[in-house]
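Residues per chain are reported as follows:
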Amino acid sequence: MNARAKIKARVNARGRLLLTGLTAALLLGGALLAGHGMDAALLRPRFGLAALPPGPGYPFGTDALGRDLLARSLRGLETSLLVGLLAATASTLIALLLAGLAMLGRAADAIVGLAVETCIGLPHLVLMILVAFALGGGVGAVVAAVALTHWPVLTRILRAEFQAVLTADYVIHARRFGHGPWFILRRHLLPHALPQLAVGFVLMLPHAILHEAALTFVGFGIAPARPSIGGLLAEALGSLSAGWWWLGVLPGALLLAAVLCLDGIASGLRAWLSPRVAEA
Amino acid sequence: MSVSAAGAARLRLPPLLAFLLRRLLRLALLLVCVAALAFALARAAPVDPVEAFLGPAAAQVGPEQRAAIAARWGFDQPAPVQFLHWLGQALRGDLGESSIFAAPVAQVIGERFAASLALMLPAWILGGALGFGLGLAAGAREGGWLDRVIRLYAYLLTALPGFWLAMLLLIVFAVWLGWAPVCCAVPPGLLPDQVSLGQRLAHLVLPVAALSVLGVGPVALHTRAKVAEAMRADFVLYAFAQGAGRAEVALRHAARHAALPALTILFAGMGELFGGSVVAEQVFAWPGLGRAAIEAGLRADVPLLLGIALATALFVGCGNLIADLLAQAVDPRQRRRA
Amino acid sequence: MLPTLRRLAALGPALLLALSLAAPALAAPRSELVLALPGEPERGYDPIQGWGEYGHPLFQSTLLRRDADLATQPDLARSWHLSEDRLSWDITLREDARFSDGRPLTAEDVVFTFNTAARAGGAVDLSALREASVTGPHSLRLTLKAPRITFAESFFTLGIVPAAGYGPDYARHPIGSGPYRLVHWAPGQQMIAETNPFYYGPKPAFTRLTFLFTGEAASHAAAMAGQFDLLAVPPSLARRVPEGMRRVVVRSVDNRGIVFPMRPAGETRNPAGGPIGNDVTADPAIRHAINIALDRRALVDAALLGFGTPAYGPADGLPWSNPESRLPDADPEGAARLLEAAGWRPGPDGIRAKEGRAARIPLLYFAGDSTRQALALTVAEVLRPLGIAIEPEGRSREDTRRLMAGSAVLFGWGSHNPAEVYNLYSAASTGHGFFNAGHYANPAVEAHFAAAQSAASLAASLPEWRAAEWDGRTGYGMKGDAAWAWLVNLDHIYLANRCLDLGRTQIEPHGHGWPITAGILGWRWTCP
């Protein structure tokens, strides 16, 4: 292909990803708004409407207590997303903090490196179980557990980034000029880190959500007032043999769709921030 | 010229062995750190250690007995002292007693790990083989429809909630079609020595299927990248010019090129594999280590939880170690850097 | 290619399995059963550690047992006599009882069991035992510290262990004189029992029993596939009866109710570290309002799908309960008036508040139990229009023990003896297990309990038990302190193979402990 066609293809690829991202964002946002707007009465037990399969008026059917499954699933999605957002934000901030600390000296770097390896050394779920247990096993504990298990990978990436920046010529010159570490941090490190942070954040989000769902599925953070997809599926497990398949299939499908939307948003964002990445 | 080569020359150790030794030491250090972290988290829990120690029997124990237990196990001592005490015991092989199962922790972990392994090993191999095969097919003809389908499939897999897939398999194959048993490791009513291999396999099918599907993604994508890269090499073009078929070239040359990296990914993914096994065990009521971990966490069985943390860290650590060794073997440049 | 092969590979063993299961149905009467009953004793089969706390511990024998009409029948004991001063029981034993290893059961073993259990801090009533002593090769005396009529419950529930064979590993390898002996136990999976060749009673029709601990869901699914002969199911799964099985509904005194913390929140913590007291439930108006607002019949329909009856007290229908302590329920207007009069006014969000404190009550229940969850959620729903915000939380047993003194908890009880009433409401049992979680203490009630315990016999103690619930002025029941809001009595629902005849079933106590096996010696296989 000649140069013009190559540029056109690149722009097209980027444009396509941006469009995908935007569509995904709209879909997800729309679903959440719809869930929020639904009548709260649908979430409460309604005697006489128990265990109805999907049909007119009940797009996802109802559960054993007559609660509308679509309303609960959408609320559960909202909870999962909130937890994911909180967790991803916390993880990102922790990663930033630790990567910055690691730049203070060799000892600090070694300690941070050890911390990262320690947390990677345990399977995700085991570490989450430990943290959730440490914090008493409620809903807050689940959030903290998810938050405290995703920072290692981002920390590593940021450390590498920071190291590359610090050894760059212009930073060495800045130091020679007498600029203090704060200045370096603000003017050089942070701007470099921001795109990585944003991308890391958005990439972390689907993982955080899936992990939150897994943690509530196995039984932590059960609070019937705030449905979560994992909790819905755990309940469904008990009634599969009664033939109520929709309790197990549909909420999970919704979660899958949401995660796919988030992945779409992630690639759109990457395309927007770093055009080179669009080609990957 | 790195320090290690000079040092190794002095010690007359081959560089690979030196690397291995260094990594083993690091693994040991890591395990101690993991133990410290797990211990700190367990102590931070709002659970009274005497209660946790006694389990359900705590209800019937009076205050004098509690004080005696606290003194004997050192619960009234500062945390670092307790940690060292526990670590010392653990190194001697005594991980304490599980309050849920009323049996030594080491025994519980041993039994349960064996059950989990029966699940994880076939799933690991199958997932790896499937992933490799798919990656090969995808990379052999980059950009083709097969490549796109496989990429889409791998992409979907990363977004899939593992426990949901397991539930779907259960609904379709066990509940609706009745082709597979609904739960557990063995058919009901049979003593362990009465269970035939065929029956064990029948019970393994669904959980292994669920678990292996989850492991396919990363291997497939990585293999695909490596195979595609290999297919772009010059002498491949030369082989094509000589009339060799695409499939033949892919199998002969690209596969070899991608095999070791695929294996590396497999070993590095052992942590995720265990995570997947935890939820699969929950769905299929499989009596493995994952379910024991959940029970321990939900029901404040601190000795068991700590024991499992150590055991799984060892498991993951070994996996990472082997992955690093393989990565070394693949890319000689890394050897110098180590 | 792979998935198809896998499917074919799965089909083969499944077919073989199906055939092997079908085959026995065509052969001679069955002598093996597969059962799925909830409540695996995770810590093992040691009576001293609580195995068989509701009676008939399968592997061991007890001194007495209850038949289908709940009448007392001798088991190991031939005679049992309470002294005039109510302080000692003289018991003679049968002489042909033997343990599963062949050794005879003597008074030594009974004495050992009682003394060890009392020292191990077992059930509350055993703490009343001063000493058990041998008076002959087959006779013994149990001496109490103080009169305690409920002590006799242990005659029905404490399985006898061999003095010589008892050790730390007993729970996993129990030796007893009961109709069955333990052959294999894989915790979390299954337990296999075979008949005890030395058992002194009638020979059971079934020589091998397999108990599966696979959980509600998996059990029902396996039943649908024809793999079980008897299983207990929750109401939600009771409608789908598999081919070849029938539904058996057994009445029970297995109840569910909500215990309220009786004290206001304070600084004190219980030994497990949780807070004691709850300001909202400490107000009697709240407790009374909840009791009369609930429509228990509707609860049975909604949460139990009709499989149950309303419960107003811990022992409804049993001779030690007092029907006069009941108030009419399903009266939300009356409840609202009560609350208004006590100062609980509805706030802008509809939730009542008094002195700045909102009527929010956390309600704990054991996570994973679908029936308790359904009840908790339904109660919350029913009380919402009243302005009381119940917040259900599923928790593990350990968490519940830690938190129960500060929150309302949904518990289940139900026994054939007033000992349980005593345990639930006496200040002396606070802190023992889950007993008296609300820290209830009423001197008048204690006085009635003391009088009941020192009665000459169970029959003589009944008026005092009834007075404790309501004596005209005060009591623990609905009219008095309303320390609990009892909700329902469950029906125990079983799915049984059509060929399995369970004989006459008793009114069952609380579900833990496999109450259906109380009549196991009378089970028969009716198909040829």
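Calculation criteria
Residues numbered from 1 in each chain as written. Chains lettered and ligands numbered in written order. Predicted model: local features only at pLDDT ≥ 70, side-chain atom pairs only at ≥ 80, totals over all residues. Helix = DSSP H or I, 4+ residues; strand = E, 2+ residues; numbered from the N terminus. Buried ≥ 20, exposed ≤ 12 C-beta atoms within 10 Å, placed from the backbone. Contact = placed C-beta atoms within 7 Å. Pairing = 2+ DSSP bridges. Axes fitted to C-alpha atoms, helices over the stretch in contact; angles between N-to-C directions. Nonpolar A, V, L, I, M, F, W, Y, C, P; charged D, E, K, R; others polar. Expected span 1.5 Å × (residues − 1). Arc of directions from axis to C-beta. Parallel < 35°, antiparallel > 145°, perpendicular 65-115°, else oblique. Left-handed = near helix turned anticlockwise from the far one by under 90°.

Colleague: What am I meant to see in the overall build of chain B here?
Modeller: Looking only at helices and strands, chain B has 15 helices and two strands in total. Each of the 338 residues in chain B was classed as buried or not, and the buried ones make up 47%. For chain B, the proportion of contacts with a sequence separation of at least 24, taken over those separated by at least 6, is 74%.

Colleague: Looking at this structure, how should I read the sheet that holds strand β17 (residues 357-358) of chain C?
Modeller: Note on sheets: strands pair through backbone hydrogen bonds, and any given pair is parallel or antiparallel. All names here are of chain C. Taking strand neighbours across the sheet as the criterion, the three strands line up as β15-β16-β17 in an open arrangement whose pairing is antiparallel. The outermost strands of the open sheet, each flanked by one partner alone, are β15 (345-346) and β17. Here strand β16 (residues 352-354) runs beside β17; their pairing, made up of two bridges, is antiparallel. Residue pairing across strands places Lys354 opposite Arg357, the latter belonging to β17.

Colleague: Looking at this model, I keep getting lost on the interface of chain C and chain A. Mind explaining?
Modeller: For an interface, size is often stated in terms of accessible area lost upon the parts coming together. Contact residues are listed per partner, giving 22 residues for chain C and 18 residues for chain A. If you list the elements that add at least two residues to the side of chain C that touches chain A, you get α4 (215-224), α6 (296-304), α8 (370-383) and β19 (389-395) of chain C. The leading source of residues in the side of chain C that touches chain A is α8 of chain C, at six residues.

Colleague: In this structure, what is going on with the packing of helix α2 (residues 69-102) of chain A against helix α3 (residues 106-121) of chain A? I would like to understand it.
Modeller: In a pair of packed helices, the angle between the axes and the distance between the axes together describe the arrangement. Residues and elements named next belong to chain A. Close contact between α2 and α3 brings their axes to 7 Å; oriented N to C, the two are set at 145 degrees. Contact residues: Leu98, Leu101 and Ala102 in α2; Ala108, Asp109 and Val112 in α3. Here the residues of the contact of α2 with α3 are counted per class, giving five nonpolar, no polar and one charged.

Colleague: Even after reading the chapter, I still don't get the interface of chain A and chain B, so can you show me in this structure?
Modeller: Opposite the 37 residues of chain A that make contact, chain B presents 38 residues. Of all the secondary-structure elements, those providing two or more residues to the side of chain A that touches chain B are α3, α4 (124-134), α8 (181-218), α9 (229-239) and α10 (246-273) of chain A. Take the side of chain A that touches chain B: its biggest share by element is nine residues, from α4 of chain A. Residue composition of the side of chain A that touches chain B, grouped by class: 26 nonpolar, nine polar and two charged.

Colleague: Teacher, can you tell me more about helix α6 (residues 151-166) of chain A here?
Modeller: In an α-helix, one full turn covers 3.6 residues, which means residues spaced three or four apart are oriented alike. All names here are of chain A. For α6, which comprises 16 residues, the first-to-last C-alpha distance of 22 Å matches the rise-based estimate of 22 Å (1.5 Å per residue) to within 8%. For α6, the set of buried residues is Trp151, Pro152, Leu154, Thr155, Leu158, Arg159 and Phe162. Projected onto a plane normal to the axis of α6, the buried residues spread over an arc of 150 degrees and lie on a single side. Seen from the open side of α6, the exposed residues pointing more than 90 degrees away from its buried face are Ala160 and Ala164.

Colleague: What is the right way to read the sheet that holds strand β18 (residues 360-366) of chain C from this model?
Modeller: Residue and element names in this part refer to chain C. A sheet is described by the order of its strands in space; here six strands give the open sequence β14-β21-β13-β20-β18-β19, paired in mixed fashion. The open sheet has two edge strands with one neighbour each: β14 (308-310) and β19. If you compare each strand with its neighbour and ignore which way they point, the axes differ by 25 degrees on average. Judged from the three bridges that link them, β14 and strand β21 (residues 484-490) form a sheet pairing that is antiparallel. Note that in β21 the partner of Gly308 across the bridge is Leu490.

Colleague: Can you walk me through the pairing of strand β11 (residues 230-233) of chain C in this structure?
Modeller: Both faces of the sheet carry side chains from a regular strand, because those side chains alternate between them. Residue and element names in this part refer to chain C. Burial of the side chains of β11 extends over both faces: Leu230 and Ala232 are buried on one face and Leu231 and Val233 on the other. With two bridges connecting them, strand β1 (residues 32-36) and β11 associate as parallel partners. Counted as the bridge partner of Ala36 is Leu231 from β11. The pairing of β11 with strand β22 (residues 492-497) spans four bridges and is classified as antiparallel. The residue of β22 that forms the bridge with Val233 is Ile493.

Colleague: It is not clear to me how unusual backbone geometry should be interpreted in this structure. Could you clarify?
Modeller: Comment: phi is negative for the bulk of residues other than glycine, and the bulk of peptide bonds are trans. Positive phi is not limited to glycine here, since Ala300 of chain B has a value of about 55 degrees. Structurally, Ala300 of chain B is set in the loop between α13 (289-298) and α14 (302-330). Residues other than glycine seldom take positive phi values, yet Glu355 of chain C does so here, at roughly 50 degrees. Checked against the element boundaries, Glu355 of chain C lands in the loop between β16 and β17. For Glu355 of chain C, a count of 7 C-beta atoms within 10 Å puts it in the exposed group.

Colleague: Would you mind going over the packing of helix α9 (residues 197-231) of chain B against helix α12 (residues 270-284) of chain B with me for this structure?
Modeller: Residues and elements named next belong to chain B. Across the interface, α9 lies against α12 with an axial gap of 10 Å and an inter-helix angle of 150 degrees. The angle between the axes of α9 and α12 places the two elements in the roughly antiparallel class. Of the two possible hands of crossing, α9 and α12 adopt the one that is right-handed. Across the interface between the two elements, Leu206, Pro207, Ala210, Leu211, Leu214 and Gly215 of α9 pack against Leu273, Gly276, Ser277, Ala280 and Phe284 of α12. Its residues assigned to classes, the contact of α9 with α12 comprises eight nonpolar, three polar and no charged.

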